[in-house]
Amino acid sequence: MSMSEMLSRRALRLSLRTSFKFMSTLPLPVVLLRQVMEASAGLFKVRQDVLIEPCSLGDIQGERHTPHVLSGSKVLLHFHGGAFFAGSSKTHRGLGRVLTS
């Protein structure tokens with residue numbers, strides 16, 4: 001792992017702790033926490049070489065992240081609980097970015 005990648009991971013970890021985890025400990029209305037999470041989602045960039053498409057599994061809405069260059073026929077299915085109070089496909093696209101690497 002390069003120095004740049006290590007620094008990026010540390011920055012991501014710190015920003016997640018301050019923006020999402022810390023916010024969830026405050027006595028704020030859930031509606032406000034959801035709005036902050038949605039607004040913060042833009043900080044985590046999506047790779048340009050990944051196609052993002054809406055999909056569903058039964059009544060559950062989600063997203064399919066497909067790298068433009070596929071290496072094999074393996075598929076990773078990831079479920080995220082959204083911190084049990086907030087979160088969406090949009091707020092977790094940054095995680096999808098890492099998982100499709």
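Values in this document were obtained by computation on a predicted structure and should not be read as measured data.

## What to know about the overall build of the chain
Scanning the chain for helices and strands turns up 3 helices and 2 strands. Sequence-ordered secondary structure for the chain, helices as α and strands as β, is α-α-β-β-α. Classification of the 101 residues of the chain by burial places 19% in the buried group. Surface exposure of the chain reaches about 7,900 Å², of which carbon and sulfur atoms provide 61%.

## Things to note about the pairing of strand β1 (residues 50–57)
Note: β1 against strand β2 (residues 60–67), 8 bridges, orientation antiparallel. From the neighbouring strand, Ile 52 faces β2, where its bridge partner is His 65. Connecting β1 to the antiparallel partner β2 that follows it, the hairpin turn spans 2 residues, and Gly 58 within it adopts a positive phi of roughly 65 degrees.

## Remarks on a positive patch on the surface
A surface patch of positive charge is lined by Arg 9, Arg 10, Arg 13, Arg 17 and Lys 21. Relative to the elements of secondary structure, Arg 10 occurs in helix α1 (residues 3–25).

## Considering a nonpolar patch on the surface
Together, Met 1, Met 3, Met 6 and Leu 7 make up an exposed nonpolar region whose accessible area comes to about 440 Å². By secondary structure assignment, the location of Met 6 is in helix α1.

## Looking at the confidence of the model for the chain
Averaged over every residue, the pLDDT of the chain is 77; the share at 70 or more is 87%. The least confident element of the chain is helix α3 (residues 93–99), whose mean pLDDT is 71; the most confident is β1, at 87.

## Some details on helix α2 (residues 30–40)
Along an α-helix, a turn takes 3.6 residues, which lines up residues three or four apart on a common side. Among all positions in α2, only Leu 33, Met 37 and Ser 40 are buried. Seen from one end, α2 has its buried residues packed into an arc of 70 degrees, which puts them on one side. Exposed residues on α2 whose side chains face more than 90 degrees from its buried face are Val 31 and Ala 39.

About the thresholds
- Here the residue numbering is sequential within each chain, running from 1 through the sequence in written order.
- For this predicted model, a pLDDT threshold of at least 70 governs which residues receive local features, and a threshold of 80 or more governs which side-chain atom pairs are given and counted, while totals over whole chains, interfaces and linings are taken from all residues.
- Excluded from the side-chain calculations are hydrogens and water; all other atoms, namely the structure's heavy atoms, are used.
- Only DSSP runs of H or I covering at least 4 residues are called helices, and only runs of E covering at least 2 are called strands; the numbering of each starts at the N terminus.
- Relative accessibility under 20% of the residue-type maximum defines a buried residue, over 50% an exposed one, and the middle range a partly exposed one, all with a 1.4 Å probe and only protein chains included.
- In short, Shrake-Rupley with a 1.4 Å probe defines the accessible areas, and a residue's cover is counted only from the protein chains shown.
- In short, DSSP must find at least two bridges between two strands for them to pair.
- Two joining distances apply to patches: 9 Å for like charges and 5 Å for nonpolar side chains (Val, Leu, Ile, Met, Phe, Trp, Tyr), and every residue must have over 30% relative accessible area and no salt bridge.
- The salt bridge definition used is simple: a Lys or Arg side-chain nitrogen within 4 Å of an Asp or Glu carboxyl oxygen.
- By the counting rule applied here, Lys and Arg register as positive and Asp and Glu as negative, while His and the ends of each chain are not counted.
- Charge positions come from single atoms, namely NZ of Lys, CZ of Arg, CG of Asp or CD of Glu.
- Confidence of the predictor at the level of single residues is captured by pLDDT, which takes values from 0 to 100.
- This arc is built from the directions going out from the helix axis to the C-beta atoms.

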